[in-house]
Amino acid sequence: RASRKTADERPDLQISFEFFPPKTDAMEERFWESIHKLAPLKPRFVSVTYGAGGSTRERTLRMVRHITSDAGVPAAAHLTCVGASRDEVDEVVRGFAEAGVKSIVALRGDPPEGVGKPFVPHPQGYQNAADLVAGIRRLGDFDISVAAYPEKHPQSADWDADIDNLKRKLDAGANRAITQMFFRNADYLRFLERARRAGITAPIVPGIQPIHSFKQIAGFAERCGASIPDWLADRFEGLGEDPETHALVAAAVAAEQVTELLDEGVTEFHFYTLNRSNLVLALARLLGRRPN
Ligand code: FAD
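Residues numbered from 1 in each chain as written. Predicted model: local features only at pLDDT ≥ 70, side-chain atom pairs only at ≥ 80, totals over all residues.

- Per an unreviewed UniProt entry, the protein chain goes by the name Methylenetetrahydrofolate reductase and belongs to Devosia crocina.
- Its UniProt record gives the protein chain a comment under Catalytic activity (unreviewed entry), which states: "(6S)-5-methyl-5,6,7,8-tetrahydrofolate + NAD(+) = (6R)-5,10-methylene-5,6,7,8-tetrahydrofolate + NADH + H(+)".
- Its UniProt record gives the protein chain the following Cofactor (unreviewed entry) comment, quoted word for word: "FAD". (UniProt positions renumbered as here; feature names shortened; annotations may be inferred.)

1. Thoughts on the pairing of strand β4 (residues 103-107)
- Where burial is concerned, most of β4 is hidden: five out of the five residues are buried.
- Here β4 shows two buried faces, one formed by Ser103, Val105 and Leu107 and the other by Ile104 and Ala106.
- Relative to β4, strand β3 (residues 75-80) runs parallel, the two being bridged by five bridges. Across the sheet, Ala76 pairs through a bridge with Ser103, a residue of β4.
- In terms of handedness, the path from β3 via helix α3 (residues 86-98) over to β4 forms a crossover that is right-handed.
- As a crossover connection, the stretch from β4 through helix α4 (residues 129-139) into strand β5 (residues 143-148) is right-handed. (Buried ≥ 20, exposed ≤ 12 C-beta atoms within 10 Å, placed from the backbone. Helix = DSSP H or I, 4+ residues; strand = E, 2+ residues; numbered from the N terminus. Pairing = 2+ DSSP bridges. Right-handed = clockwise from strand over helix to strand, strands pointing away.)

2. Structural notes on the pairing of strand β8 (residues 268-272)
- Within β8, four of the five residues are buried, leaving the element largely enclosed by the surrounding structure.
- Sheet topology note: the strand β1 (residues 14-19)/β8 ladder contains five bridges and is parallel. Among the inter-strand pairings, Gln14 is bridged to a residue of β8, identified as Glu268.
- As paired elements, strand β7 (residues 204-208) and β8 share two bridges and run parallel to each other. Along β8, the bridge assignment pairs Ile208 with Phe271.

Written out as structure tokens, the structure reads:
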């Protein structure tokens, strides 16, 4: 079992961390504290999300600029096509390049009316994520990640349409896919199999969401079309008023998920940190990565 090997026996491990741009001074303090704790784990990159409709454009840019220059770790900027023309999006990409950012997570994004509502591209805008990837490729030599959905994107008509879309994004020049959160490893492994059968060879990195707050994560999951299995809800039932037990159960659940994936041969992991470091530090250690 890979999870019983020493760290030295797992040299091919790659990890990355996702953050969101902080809104207040207090949140920004926690953001940097977490980045500085996680940076010594030598992630492939620390990525910063792009708020709905580009609402965090300036903050995303400021954070990735400082991650690159101050924290000594590569930064990746998320970018969406929502509500902007191609020229405007291209301008943002040039801003990332000038800030020293070499990695972009390229997404379509969701309409301002909410996830699940039909996406209407800007009249002069990129049509979808595949179109955006092709546009970024024309602007420079970026490392590009795209999104993948182990439970199928809610707007994909069927599995064939979903996998075809992923293939289009990779064929347009993306280097890898990162998955939406999922809690049943079997869903991820089945998705991987479907992708490989369709001729996709690029890495499909599992996106791991530690459950800092079951209530909050269940809300996120519902909005993005990820399901919460009954056994998982059962584990957290009644822990709303018991933060210590909740934290221990969350650690156990996430540890079980990543060690199982490691034993299945997975070597790359992306963590949705929600700007916190503790649990992710522990999970990285279980995977064999510790601060240098
Ligand atoms: P696409 O790959 O373009 O696909 C969206 C849907 O449209 C799919 O169902 C696809 O099959 C369908 N489709 C695409 N092209 C066509 C076509 N030509 N004809 C018919 N159907 C088509 N959102 C943010 O706002 N900011 C972020 O920072 C952010 N980061 C994310 C990071 C990760 C790792 C993931 C997994 C998601 C992230 N999201 C983010 C959410 C993402 O924007 C949404 O999931 C969105 O609904 C889809 O984006 P996409 O890039 O997968 O779109």
